[in-house]
Amino acid sequence: SEGAACQFSLDGSLCYTASRDWKIRVYDCQRHFQLLQTIPMQCRSLSVIDCRLSPDNRVFASCSVSSVLELITLPFEESRECGVQNIDLADETTQIRILYSVVFSQTDSNTTVVTPGGQQAPAVLFVDINTSQIISRGPRLLKPERSCVFLNDSNRILCSGGDDSIVRLWDSRCSMHQPVGILLGHTHSVVSLTSKMDDIHILTNSKDHSAKLFDIRGLRNHTSDDFSTDCSIQTYRGHKVVIVHVKSAFSPAYTRQQFVYSASTSGGVFIYSTRSGKLLDTLGVGDDVVVRECAWHPTEPLIASHSFRGQLLVWNVPRYCSDDDVIV
């Protein structure tokens, strides 16, 4: 079935995928990606869009073409069934029809942020999954936000991007009625964001067929109307983004994050030099099967990808020469 999500757990012990057959599949990375568990989802709307595992490897959060955030708690004992909790984020004032993305705080497994869509829907929602309560919300925008990411481990600073091509920075310690600032550069929908977790850099992917590296010290005032400005400090081109939620990311810490990689609707995985923007390699290109998400193992030279054909492919990453002529 068509792949919707593909990621490693933070500790690298697990790889998981979510597909449009409404199943989450969990693989053991220490046993050659042996299938450990197949978990059925309950909230079956038209399509699952995103799925994320909490930092403690205990809870899957998935979103779909509905207003319901589905939470699946993994049992401590294999013989027990998973616990399921559904949080309906719609209310009388927000006619939420879809949840485009979900992200966990990396330091607090009870805090998630989702980007909803629908008439009168807010830009972002901070949700406490322990109490099933919305903690705070962003303002209503003319066009929906498609993706969001925490800038650092503080759980307070968040970046989001969506159909108006603008990247917004939010600080939950301040009023959420308006963003702290904006970043410009894309000419089409922003479909994914990733933080370098250094308080400064974020990576975006867009339907203008480019990924961009931004430095938040280049923030513009949220009232700026000069959309011809490109605030990015590097652009990566070669992959294709025809549909939403095609993800790009930084390579893990052991590579010193010297590489950027992206899935592609043209198929395969594209790997770039973070500093120069040069396309260094492609994996699996030529298959012409949409890949929405791929993931680089946090400690090993492995990249997993999940295509619309339903295949989980694991690639050995070659040793690339960085811009500093260091083999990693």
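Residues numbered from 1 in each chain as written. Predicted model: local features only at pLDDT ≥ 70, side-chain atom pairs only at ≥ 80, totals over all residues. Heavy atoms only, no water.

A. Representation of the pairing of strand E15 (residues 167–171) in the model. Counting buried positions over the five residues of E15 gives five, a clear majority of the element. Residues of E15 alternate between two faces, with Val167, Leu169 and Asp171 on one and Arg168 and Trp170 on the opposite face, all of them buried. Inspection of the sheet shows strand E14 (residues 157–162) paired to E15 by five bridges, in the antiparallel sense. From the neighbouring strand, Ile157 faces E15, where its bridge partner is Asp171. Taken together, E14 and the strand that follows it, E15, pair antiparallel across an intervening segment of four residues, in which Ser165 is found at a positive phi of about 70°. (Buried < 20%, exposed > 50% of the residue type's maximum accessible area, 1.4 Å probe, protein only. Helix = DSSP H or I, 4+ residues; strand = E, 2+ residues; numbered from the N terminus. Pairing = 2+ DSSP bridges.)

B. The environment of Val149, seen in detail. Position of Val149 among the secondary structure elements: in strand E13 (residues 145–150). Here the alpha-carbon distance between Val149 and Ser105, two residues 44 residues apart in the chain, equals 8.8 Å. Residues in contact with Val149, not counting those within four places in the same chain, are Ile157, Leu158, Cys159, Leu193, Thr194 and Ser195. (Contact = heavy atoms within 4.5 Å.)

C. Layout of the pattern of salt bridges. Overall, the coordinates contain 14 salt bridges when judged by the stated rule. A salt bridge links Asp164 to Arg168; the shortest N-O distance between them is 2.7 Å. Residue classification places Arg168 among the buried positions, given a relative accessible area of 9%. In this structure, the salt-bridge partner of Lys212 is Asp230, at a minimum N-O distance of 3.0 Å. Taken together, the positions of Lys212 in strand E19 (residues 210–215) and Asp230 in the loop between E19 and strand E20 (234–237) put the pair 18 residues apart, joining distant regions of the chain. Under the relative-accessibility criterion, Lys212 is labelled buried at 3%. What makes Asp230 partly exposed here is its relative accessible area of 40%. (Salt bridge = Lys/Arg side-chain N within 4 Å of Asp/Glu carboxyl O.)

D. Molecular detail of the sheet that holds strand E1 (residues 3–8). With antiparallel pairing, four strands are arranged side by side in an open sheet as E1-E2-E3-E4. Looking at which strands have only one partner, the edges of the open sheet turn out to be E1 and strand E4 (34–40). Averaged over all neighbouring strand pairs, the angle between strand axes comes to 15°, with direction disregarded. Relative to E4, strand E3 (residues 23–28) runs antiparallel, the two sharing six bridges. Each residue of the ladder has a partner; that of Tyr27, found in E4, is Leu35. (Axes fitted to C-alpha atoms, helices over the stretch in contact; angles between N-to-C directions.)

In short, geometric facts, not functional conclusions.
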